[in-house]
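Understanding the architecture of this molecule
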Amino acid sequence: MSSTERLLANAEHYASTYPDQAPPGRPSSGVAIVACMDARIDVYRLFGLDPGQAHVIRNAGGLVTDDAIRSLAISQRFLGTEEIILVHHTSCGMQGLDDDEFAAQLERETGTRPPWRAGGFTDAAADVRASAAALRQSPYLARRDRLRGFVFDVETGRLDEVDL
């Protein structure tokens, strides 16, 4: 059985225990979280969240990309979120990644250079600050004042707040 088949079996079990009333689509906490997609970070457990309490937007590095801003703008303007939490982490695969080298590799392999930056960085806390600055500069977000950033330590499970 493939990993996908095992996950689909889990989904069937999940459906059989799904509550009669689905969680609300509007996050009850009013919070949107932008986090790295790293499988070591269980964002819901980390913050003690249940489905329906927060929007969680994940990508490689937890970067504030155009798509993350698109999702946050929709989250705020149509679904009522007012606070944003950024979560990057230690030992991230994006740390030390050379964007130009990666783009060149993809171009060699596919014949096309990607139109996006991978978003490699050297310091997680500095990257959280850069992400916060990108959010504060975006004209599309309704709320840019209630923003906090953290670095999750994958060895200890602790969050360290970054001074923004």
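Coordinates for the structure precede this section.
Residues numbered from 1 in each chain as written. Predicted model: local features only at pLDDT ≥ 70, side-chain atom pairs only at ≥ 80, totals over all residues. Heavy atoms only, no water.

1. Considerations on the side chain of Gln 76
- As for its position among the elements, Gln 76 is in helix H3 (residues 66–79).
- What makes Gln 76 buried here is its relative accessible area of 8%.
- Those residues within four positions of Gln 76 in sequence are excluded, and the remaining contacts are Thr 81, Ile 84, Leu 141, Ala 142 and Arg 143. (Helix = DSSP H or I, 4+ residues; strand = E, 2+ residues; numbered from the N terminus. Buried < 20%, exposed > 50% of the residue type's maximum accessible area, 1.4 Å probe, protein only. Contact = heavy atoms within 4.5 Å.)

2. With respect to the nonpolar core
- In this structure, Ile 33, Leu 72, Ile 84, Leu 86, Leu 135 and Leu 141 are the most contacted members of the largest nonpolar core, which totals 35 residues.
- Elements with a contribution of two residues or more to this core: strand S1 (31–36), strand S2 (54–59), H3, strand S3 (83–89), helix H5 (124–137) and strand S4 (147–152).
- The leading source of residues in this core is S1, at six residues.
- Here Leu 72 is in contact with Ala 32, Val 34, Ile 57, Ile 84, Leu 135 and Leu 141, once residues within four sequence places are set aside. (Core = buried A, V, L, I, M, F, W, Y, C linked by side-chain atoms within 4.5 Å.)

3. With respect to the side chain of His 88
- Summarising the element assignment, His 88 is placed in strand S3.
- A distance of 3.4 Å separates polar atoms of two side chains, one belonging to His 88 and the other to Asp 127. (Polar contact = N/O pair within 3.5 Å; in protein donor to acceptor, adjacent residues only side chain to side chain.)

4. A few points about the pattern of salt bridges
- Evaluated as defined, the whole model comprises nine salt bridges.
- Between Arg 40 and Asp 38 there is a salt bridge, with its nearest N and O atoms 2.7 Å apart.
- By relative accessible area, which is 44% here, Arg 40 ends up partly exposed.
- Between Glu 82 and Arg 143 there is a salt bridge; the shortest N-O distance is 3.7 Å. (Salt bridge = Lys/Arg side-chain N within 4 Å of Asp/Glu carboxyl O.)

5. Observations regarding the sheet that holds S2
- Strand order across the open sheet formed by five strands is S2-S1-S3-S4-S5, with mixed pairing between neighbours. Edge positions in the open sheet fall to S2 and strand S5 (159–162), since each of these has one partner strand only. If you compare each strand with its neighbour and ignore which way they point, the axes differ by 25° on average.
- Both S1 and S3 contribute to a ladder of five bridges, which runs parallel. Bridge pairing in S3 links Val 34 to Leu 86.
- The strands that H5 touches are S3, S4 and S5; relative to S3, the one it contacts most, it runs at about 155°. (Pairing = 2+ DSSP bridges. Axes fitted to C-alpha atoms, helices over the stretch in contact; angles between N-to-C directions.)

Keep in mind these numbers describe shape, not what the thing actually does.
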